[in-house]
Amino acid sequence: MTKLTEFVLVTGMTGAGRSTAAKALEKLGYYVVDNLPPGMLDELVSSVDAAEDIDRLAVVVDSRSRTFFFGLVDAIESVLDLGVRVRTLYLEASDEVLVRRQEAARRPHPLSRQGRLMDGFVRERELLRTIRGRADIVIDTSRLNVHQLAHRVRQAFELEDERGLHVTIVSFGFKYGIPIDADMVADMRFLPNPYWVDELRPLSGLDAPVAEYVHRQERSQEFLDRYVELLSMITNGFLQEDKLFLTVGIGCTGGRHRSVAMSEALADRLRDRDVRTLVVHRDLGRE
C-alpha cells in the first residue's frame, strides 16, 4: 500500500494559471512535478513512494505533452490501482482572457500549429473535454489575479485531509454569463430587486440595508430552507461517488445585490451544518 496521502493532478487550459496553482500547492507541502508525460505517472508515484519525506504529490499535465496526453485517463486509472487517492484540479478561463494572456506572454499556443492562437485553444478544449468532465474541482480564473487564484487553491487543498463536502458559492450577474465552473446554478431574479430602491441602489448585498431588504422577502427564507435541504440530501451521494468539491452559482441580474446577499446567507447556513464553505463574489464591483 502506498504511503502517499494526497495526489493532485493539475491540468486545464493554457494561460489559465497552472503554474500559479502549482506554486500554491508547493507552499502547502506538495512535491510538485511539472509537464510530466501521462504514461510516467505510475512510475513517478512508485519512485516518490520510495522516498521517506514525501507524502503529498502534485503533477501538472497539459497539452504540452502533445500526443502523450491521450493516455491521461488510462494513466489516472493506473495510479488509482496503486491505492493512491487522486484529485484533479482543472483550470479554466474564457477564450478572450486566454488569448489576451497568451499574447501578453508572447508565446505561441502549443497546439496552434503555426496558426492563430484561437485555433490552438479550440483544439485544446477538445483534447481536454474528457478530463474536464472527470475533474474534482474546476476553477474559472477569468477574473482572478495570481493572488486570488493561489488563495482559491489553498482554500481547496490546505485541509483536504478532512473528509466531507467542500462547497464554493459564487455570486454572479446573469448579464455577464453563468460561471463556467458551476456544478449547480440558482436564479435569484424571482426576488424584488433592490436596484429599484433609490437608497439601496449604490450599495451591495454585503451592506446591511440591502441584506435586510432581501431577507425580509418571505420567498427568500423559503428558498434558503429548501436549498439547504437539497444540498444536504445530495451530500451523501456526492461523498459516496468520491466527489468532495461542489461549486454553486447564485445569480441575479448584475451580481451586486440579491445574489450577494443570498450567497452570504446560504454560506452561513451551510457552515452552521459544519460544511466547509467558501464564498466568491465574481461580479461585485464590476459595474
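Source: prediction; values computed, not measured.

(A) Spotlight on the sheet that holds strand β9 (residues 276-281). Taken together, the 4 strands give an open sheet; going across it, the order is β7-β8-β6-β9, and neighbouring strands pair in parallel fashion. For this open sheet the edge positions go to β7 (184-187) and β9, each flanked by a neighbour on one side alone. Strand-to-strand twist across the sheet, computed as the mean angle between neighbouring axes with direction ignored, equals 20 degrees. Here strand β6 (residues 166-173) pairs with strand β8 (residues 245-252) via 8 bridges, running parallel. Each residue of the ladder has a partner; that of Val 167, found in β8, is Leu 246. Along the sheet, helix α8 (residues 218-240) contacts β7 and β8; its crossing angle with β7, the most-contacted strand, is approximately 175 degrees.

(B) Seen up close, the sheet that holds strand β3 (residues 56-60). Pairing within the open sheet is parallel, and its 5 strands lie in the order β2-β3-β1-β4-β5. Here the strands that pair on one side only, and so sit at the sheet edges, are β2 (31-34) and β5 (137-140). Averaged over all pairs of adjacent strands, the angle between strand axes in this sheet comes to 20 degrees, irrespective of strand direction. Each of β1 (6-12), β2, β3 and β4 (86-92) is contacted by helix α1 (residues 18-27), which is oriented at about 165 degrees to β1, the strand it contacts most. With respect to the sheet, helix α2 (residues 41-50) is in contact with β1, β2 and β3, its orientation differing from that of β3 by roughly 155 degrees.

(C) Molecular detail of the domain arrangement of the chain. Segmentation of the chain into domains returns domain 1 (6-159) and domain 2 (166-281). Between the C-alpha centres of domain 1 and domain 2 the distance comes to 29 Å. Together, the buried faces of domain 1 and domain 2 total about 1300 Å²; carbon and sulfur atoms form 51% of this surface. It is Arg 87, Asp 136 and Arg 152 in domain 1 that bury the most area against domain 2; as a group they hold 37% of the surface buried on that side. Counting every contact that joins domain 1 to domain 2 gives 3 residue pairs in polar contact (both at pLDDT 80 or more).

(D) Region of the structure containing the environment of Glu 96. By secondary structure assignment, the location of Glu 96 is in helix α4 (residues 95-105). We classify Glu 96 as exposed; its relative accessible area is 58%. Distance from Glu 96 to Met 118, taken between C-alpha atoms, is 9.1 Å for residues 22 residues apart in sequence.

(E) Representation of helix α9 (residues 258-272) within the structure. Here α9 spans 21 Å end to end across 15 residues, near enough to the 21 Å set by a 1.5 Å rise per residue. All of the buried residues along α9 are Arg 258, Ser 259, Val 260, Ala 261, Met 262, Ser 263, Ala 265, Leu 266, Ala 267 and Leu 270. Tucked inside the fold, the buried residues of α9 contact β6, α7 (208-216), α8, β8 and β9. Directly after α9, the chain includes Asp 274, whose backbone phi takes a positive value near 65 degrees.

Thresholds, definitions, all that
- Residues numbered from 1 in each chain as written.
- Predicted model: local features only at pLDDT ≥ 70, side-chain atom pairs only at ≥ 80, totals over all residues.
- Heavy atoms only, no water.
- Pairing = 2+ DSSP bridges.
- Helix = DSSP H or I, 4+ residues; strand = E, 2+ residues; numbered from the N terminus.
- Axes fitted to C-alpha atoms, helices over the stretch in contact; angles between N-to-C directions.
- Contact = heavy atoms within 4.5 Å.
- Domains from an automatic or database assignment.
- Buried area = accessible area lost by both parts, 1.4 Å probe.
- Polar contact = N/O pair within 3.5 Å; in protein donor to acceptor, adjacent residues only side chain to side chain.
- Buried < 20%, exposed > 50% of the residue type's maximum accessible area, 1.4 Å probe, protein only.
- Expected span 1.5 Å × (residues − 1).

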